[in-house]
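# An overview of the molecular structure
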Amino acid sequence: MSSYSSVFGGGAKPLRTVTYTSGTGTFTPLVSNSWCRITLVGGGGGGNGIFSSGSLVSGPGGGGGAHTVCWIRVAGATTYAVGAKGLGGPSGTGGGAAAGGTTFFGNLGAGGGAGGTNGFSNTSGGVGGTAPLGATGGVGGGGFFSSNGVSGGVGNSPGGIAGGGGAPGTPVAGKSSGGGGGSSVYGMGGAGASSGTSQPGFPGQGYGAGGGGGADNGNGAGGDGSGGLIIIEEFGA
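Here goes a summary of the coordinates provided. (Residues numbered from 1 in each chain as written. Predicted model: local features only at pLDDT ≥ 70, side-chain atom pairs only at ≥ 80, totals over all residues. Heavy atoms only, no water.)

Attention now moves to the side chain of Thr39. Locating Thr39 in the fold gives a position in strand E3 (residues 34-41). The buried category is assigned to Thr39, whose relative accessible area is 5%. Excluding anything up to four places from it in sequence, Thr39 contacts His67, Thr68, Val69, Tyr186, Leu229, Ile230 and Ile231. (Helix = DSSP H or I, 4+ residues; strand = E, 2+ residues; numbered from the N terminus. Buried < 20%, exposed > 50% of the residue type's maximum accessible area, 1.4 Å probe, protein only. Contact = heavy atoms within 4.5 Å.)

Now for the sheet that holds strand E4 (residues 67-74). Ordered in space as E1-E8-E3-E4, the four strands form an open sheet in which the pairing is antiparallel. Each of the sheet's edge strands pairs with one partner strand only, and the pair in question is strand E1 (16-20) and E4. Looking at each pair of strands side by side, their axes are set apart by 15° on average, direction ignored. Pairing geometry for E3 and strand E8 (residues 229-236), over seven bridges, is antiparallel. Bridging across to E8, Ile38 finds its partner in Ile232. (Pairing = 2+ DSSP bridges. Axes fitted to C-alpha atoms, helices over the stretch in contact; angles between N-to-C directions.)

We now examine the nonpolar core. Ranked by size, the top nonpolar core spans 16 residues in total, and within it Tyr20, Phe27, Ile38, Leu40, Phe105, Ile230 and Ile232 carry the most contacts. Among the elements that make up this core, the one with the highest residue count is E3 (three residues). With residues up to four places along the chain from it excluded, the contact list for Leu40 reads Ala66, His67, Thr68, Thr103, Phe105, Leu108, Gly109, Ala110, Leu229 and Ile230. (Core = buried A, V, L, I, M, F, W, Y, C linked by side-chain atoms within 4.5 Å.)

What follows concerns the environment of Ala167. In this fold, Ala167 is placed in the loop between strand E7 (108-110) and E8. On the accessibility criterion, Ala167 (40% relative accessible area) is partly exposed. Counting along the chain gives 35 residues from Ala167 to Phe202, while the straight-line C-alpha distance between them is 9.9 Å.

Moving on, we get to the sheet that holds strand E2 (residues 24-27). One open sheet accounts for four strands, arranged E2-E5-E6-E7; its pairing is antiparallel. A single partner strand is all that each edge strand has here, and the edge strands are E2 and E7. Looking at each pair of strands side by side, their axes are set apart by 20° on average, direction ignored. Taken together, the two bridges between strand E5 (residues 78-81) and strand E6 (residues 103-105) define a ladder with antiparallel strand orientation. The residue of E6 that forms the bridge with Tyr80 is Phe105.

The subject of this paragraph is the pairing of E8. Within E8, eight of the eight residues are buried, leaving the element largely enclosed by the surrounding structure. In this sheet, E8 lies alongside E1 in antiparallel orientation, the contact comprising five bridges. Opposite Thr17, over in E8, you have Glu233 as the bridge partner.

A word on the side chain of Ser184. Tracing the chain through its elements places Ser184 in the loop between E7 and E8. In terms of polar contacts, Ser184 uses its side chain to reach the backbone amide nitrogen of Tyr186, at 3.1 Å. For Ser184, the side chain forms a polar contact with the main-chain oxygen of Tyr207, separated by 2.5 Å. (Polar contact = N/O pair within 3.5 Å; in protein donor to acceptor, adjacent residues only side chain to side chain.)

Laid out in C-alpha cells, this is it:
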C-alpha cells in the first residue's frame, strides 16, 4: 500500500496504467480511494477549407487540445469521456471545421481545440483548447491563414508547452497554401496542403493535434484533428 508522501516523493511505480483513446465508459480503481495520476488531452480541432477556389485565401489549421495532469484520490467507479477529433471543413464553404471534443474524467476536463475559421476578411487559425472546471494545463495553438500567393503559417503555441505545430504547405504562383495545425503535448499538428495538389490538409498526428488547412487551387478541404487521450496511473490507497 502506498501513501500520499511515498507516491509524490518516493519514486513509487504505479500498480497499473490504464489508457483510453476513444469513447466513454467507467473506470473502477483496484481499491477504494486509490491515488491516481490522471492525464487528459482534449481532441484537436479540424483544419478549414478554402472560402472559394481562386479566392487567394487558404484554409487555416485547427487548434490543439489542452493538456491536464492531476493527482486525485479515486473513491470508486468514475465516468470518463475521450474528446473526439474535430472534422476538417469542406472546400468552397469558408466554414464547417469542427472543434475537438472535451476530454473528461469525473469532474476534471481538458478542452478541445477550435476549428479553423475562414472568410475573405477574417481568416485565422483555431485557438488552442482550454482546461475547464478548475484544472490546469497548457494548450496547443492554431495555424495561421495565408493569402495573396504566400505560404500558410506554422501552428503556434500560446500555451508555451506544445512546441510549434504543423508546417504550412507549399504555395504556387498566385495561389496560397494551407496553414499548419496546432500541436498538443501528445501530437504534432497536421501540415497544411500545398497549392495545386489533390491532397487536402493533413490530419493531426498522435493525440489532440489540430488538422492542417486546405490550399487554394487544389482539393481545398481541411484535414481532421486527432482525438483526445486519457492516461490513468493508479498507485493504491
